[in-house]
Structure formats: structure tokens, C-alpha cells
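Geometric and topological summary
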Amino acid sequence: MSAAERRPDAYYRRIYALFRPIFRLVAWGAYGVRVKHPVRYDEPVLILANHTSDLDFTDVASHICNHMYFVTSDHVTAMGLFGTLFDRWFNPIKVTKGSSKTGGVIDIMRRLRRGNCVLLFCEGRLSHNGRSTYIAPATAKLAKSVRCKVVTFRASGGFFIEPRWQNYLNRGKLFSAGVVHEYGAEELSKMTNDEVLEHIRADLYVDAYEEQEQRMQRFKFKHGVRDVIRYYDTCPRCGGLDTLTATEERVKCSCGWELTMDEYGFFHEPDGKIRTALDWEKLQLANYRERFERGEAVVEQDVKISEIGEGFELTYLACGALTGSASGLSIAGEDYPFKDMTPPEILSGGRKLEFTCGGRSYMLEKEHACLNKFVELYLWASGRQ
């Protein structure tokens with residue numbers, strides 16, 4: 001259904017009312033969330049929420065009664081029958097990861113001005129290390145420009161239910177969830193963009209491991225550490241890249257190093273360097289950057305590249321060795337310079353990478369790969385670390 005064929009807001013409100021009990025049931029099953037007295041607003045509201053797992057929207061829907069339009073990546077609406085029905089029934093505001101969000105911002109403002117509520121996960125991605133990810137200054141500008149009430153919503157504990165390196169849910173309950181603050185349009189107008197951004201970041205910030213240190217709440221990890229090497233591909237002991245193998249019980253390196261994870265989500269390894277994902281990430285990023293500064297090329301074999309068209313339709317281009325250097329990416333004889341590229345985004349637990357270069361959008365894919373090293377290369381080469 002094209003934009004011109006979209007139905008009136010009243011149609012989507014009725015559909016949403018039918019599905020909200022299902023959302024609440026999913027939130028209870030996935031997160032242990034049951035809300036007796038949800039909030040209802042009598043005016044259009046922009047809801048800014050932190051992002052901890054793929055079903056976060058059901059948690060927000062459990063706490064807030066209003067019909068709301070979701071802001072989502074267009075790869076979600078391209079997920080076969082599910083994506084088609086999600087698009088048809090809920091008419092989400094679609095944006096393309098790794099490209100300009102201008103169209104999405106305009107759509108948000110239009111729907112708010114028609115009297116609707118809009119839900120935006122302003123981090124835009126799940127956390128790799130348990131701490132909240134970057135919230136862009138553009139979020140504050142949006143909050144000030146919509147000229148309506150802005151509500152911040154924070155959930156904590158979702159990192160252990162769906163860490164960034166997996167694309168399925170573990171069993172467990174959120175630590176907490178709910179509305180943090182309500183900002184009126186007049187209140188926001190008196191703040192600078194920097195002050196608004198500071199408030200939003202403070203309201204939504206979580207540190208999953210810091211809170212878990214206090215709670216020590218058990219989670220049932222569906223596949224243990226089997227998929228952790230989708231993101232962590234560097235051995236903390238020998239510094240080897242792509243030398244790790246993993247089963248549900250443990251991660252091993254060819255040098256003899258091993259790692260396990262307990263039911264609380266903490267890592268255990270003989271050298272005592274890594275207890276949290278943040279510990280591992282710091283070591284890995286330092287390793288990456290040493291390699292980048294030495295001028296080493298980053299290579300991943302057998303990567304498929306496709307061009308993303310309208311409606312997130314993928315057109316296969318080639319399959320070959322993906323090579324990254326300080327100047328950009330190269331695959332199958334084609335170069336994609338960093339200077340012409342927007343920040344790339346990781347999808348599907350690390351197996352896919354989406355980026356825009358020269359005004360065209362592309363998808364890189366490889367099963368069981370860790371493509372995040374190419375994101376870090378871009379950040380290092382472009383000075384955006």
C-alpha cells in the first residue's frame with residue numbers, strides 16, 4: 001500500500017485498539033510486564049523511549065493506552081508476511097538505517113499535528129555493551145519543534161533479554177519500566193537544544209551491568225554464548241582476529257583461551273580481564289584501532305552485497321571478499337569511499353550491515369560473520385569515534 005493509498009487515522013486507531021491486548025500479553029510473556037493502571041493522554045504526545053530489544057514497543061503499549069504510530073526501520077516492513085501486515089495494519093513511520101532521516105522527521109511532525117501520538121526509539125539501535133547508545137542532537141531539535149508534550153520512557157534489564165549479538169529473546173523479566181518525565185511544549189521552548197538533549201539522555205540512560213550488580217537477577221539464556229562472536233571476534237589474550245569459535249557453553253580461541261557466561265549475564269575467563277560486555281568491547285576496540293593505525297586491511301570473505309530499493313527491495317549485486325581500509329570499503333571490484341558514506345548500521349545480530357554511499361543504499365550480508373569491525377573502521381577513519 002503506497003503513501004497515497006493510506007487510510008485515515010481513525011482506521012489505524014481501530015486496528016491498534018484490537019491489537020493492544022495482544023501487545024500487553026506479549027509484554028507479559030516476554031518481559032514479565034503487567035500494568036494495572038496505564039497512562040492515557042488527552043493530547044498528541046511524542047514518546048521518546050530507550051531501545052533494549054525488538055519487542056520494546058509492546059512494553060510501551062502496556063504502560064500507555066493511546067494509539068501510537070511507531071517509527072521503525074524499513075527493513076522491519078520488508079520481513080516477509082509479518083512485515084507486510086505490520087505495514088498495512090499499523091502504517092509505521094519508516095526510515096532507512098544508515099541514511100538521512102529527514103523524511104521520517106517530517107512524517108512524525110505531520111502525524112502529531114493531526115492529533116496522533118508517535119513512539120520513537122531515539123537510540124535507533126540495541127546496545128552492544130549494556131549501556132545506552134548514542135542519542136543524536138537532532139532528537140532534541142525534534143522535541144522542541146513538534147510543539148506538543150514530549151514524554152520520556154525508560155526500560156531497564158532488556159539488554160539481558162536480547163543482547164545486540166543475538167536476534168531472539170532470552171527468558172527473564174525487565175528490571176523496571178515506565179514513564180520518566182513529561183515535558184510540556186512551553187517548558188521545552190524555554191530550554192536550549194543542548195539542555196533538552198541533556199534531559200533526554202539522562203532520562204533514558206541505563207547501565208545494565210551496573211544495575212545487575214545490585215539485583216543479581218537470573219536470566220535463562222536461550223543459546224548461552226553461542227552467538228556472542230557475532231560481535232566479539234577478538235581474543236583478549238592473543239589479540240587474534242576471527243580466531244574464536246563458540247558453543248552454547250563456551251567461547252574458545254586457538255591460543256587456548258576460554259570464556260563462559262553465568263545465569264546473571266557475567267562472563268568468566270582465566271585472565272580476569274573480562275566480566276562484562278563493556279570490558280570485552282574496550283579491549284576489542286583498542287585492538288581494532290591498533291590495526292587500523294598500522295594500516296592493516298580488514299577482510300571478510302564471502303560477503304554478499306545487494307542494493308536496497310524502494311520498499312526495501314533487495315537487488316543482488318555480487319558476492320566476494322569485503323575489504324576495508326582507511327579510505328573505504330571494496331567488494332567485487334567496486335569501491336565505496338567513506339567520504340561519500342553515511343554511518344553504517346548493524347542489523348540481525350551482527351550478520352548484516354546497511355549503509356548509504358553516494359545517495360544509494362546497500363546491504364552487506366554473511367551468516368555467522370562479525371561485520372561490526374567495518375563499522376568501527378568507518379568511525380575511526382571519519383573521526384567519529
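Remember, predicted model here, so these are calculated numbers, not experimental data. (Residues numbered from 1 in each chain as written. Predicted model: local features only at pLDDT ≥ 70, side-chain atom pairs only at ≥ 80, totals over all residues. Heavy atoms only, no water.)

Notes on the packing of aromatic side chains
We describe a pair of aromatic rings using the distance from one ring centre to the other and the angle between the two ring planes. For the record, the criterion: Pairs were defined over the aromatic rings of Phe, Tyr and Trp, the Trp ring being its six-membered one, requiring ring centres within 6.5 Å. Orientation was assigned from the angle between planes: stacked under 30 degrees, edge-to-face over 60, tilted for the rest. When a residue's accessible area, from a 1.4 Å probe over protein chains only, is under 20% of the maximum for its type it is buried; when over 50% it is exposed; and in between it is partly exposed. Any Lys NZ or Arg CZ that is within 6 Å of a ring centre and within 35 degrees of that ring's normal is treated as a charge sitting over the ring.
Counted according to the given criterion, the structure contains 37 aromatic pairs. Taken together, a centroid distance of 5.1 Å and an interplanar angle of 85 degrees make the contact between Tyr11 and Tyr12 edge-to-face. Taking relative accessible area as the criterion, Tyr12 reaches 0% and is therefore assigned buried. Aromatic pair Tyr16 and Phe23: ring centres 5.8 Å apart, planes at 65 degrees, arrangement edge-to-face. In terms of burial, Tyr16 and Phe23 fall into one category: buried. For the cation-ring pair, Arg7 lies above Tyr11, with the distance from its terminal atom to the ring centre recorded as 4.6 Å. Its guanidinium or amino end placed over the ring of Phe266, Arg275 lies 4.0 Å from that ring's centre, counting from NZ or CZ.

What about the pattern of salt bridges?
Counted only if it meets this: In the sections that follow, a salt bridge refers to a side-chain nitrogen of Lys or Arg positioned within 4 Å of a carboxyl oxygen of Asp or Glu. Helix numbering and strand numbering both begin at the N terminus, where a helix is a DSSP run of H or I of at least 4 residues and a strand a DSSP run of E of at least 2.
Tallied over the full model, the rule gives 26 salt bridges. The partner of Glu43 in a salt bridge is Lys149, and the shortest N-O contact between them spans 3.3 Å. Pair noted here: Glu43 is in the loop between α1 (9–31) and β1 (45–49) and Lys149 is in strand β5 (residues 149–156), with a separation of 106 residues, a long-range link. Overall, Glu43 belongs to the partly exposed group, its relative accessible area being 36%. Residue Lys149 is classed as buried on the basis of its relative accessible area, which comes to 18%. With a closest N to O distance of 3.1 Å, Arg131 and Asp207 form a salt bridge.

Things to note about the pairing of strand β13 (residues 328–331)
Quick reminder of the rule: Pairing between strands requires that DSSP locate at least two bridges from one strand to the other.
Strand direction decides the pairing type here: strand β12 (residues 314–325) and β13, joined by three bridges, are antiparallel. Pairing of Ser325 across the sheet is with Gly328, part of β13. Taking the residues between adjacent antiparallel strands as the criterion, β12 and β13 are bridged by two residues. Pairing analysis gives four bridges linking β13 to strand β14 (residues 334–337), with the strands arranged antiparallel.

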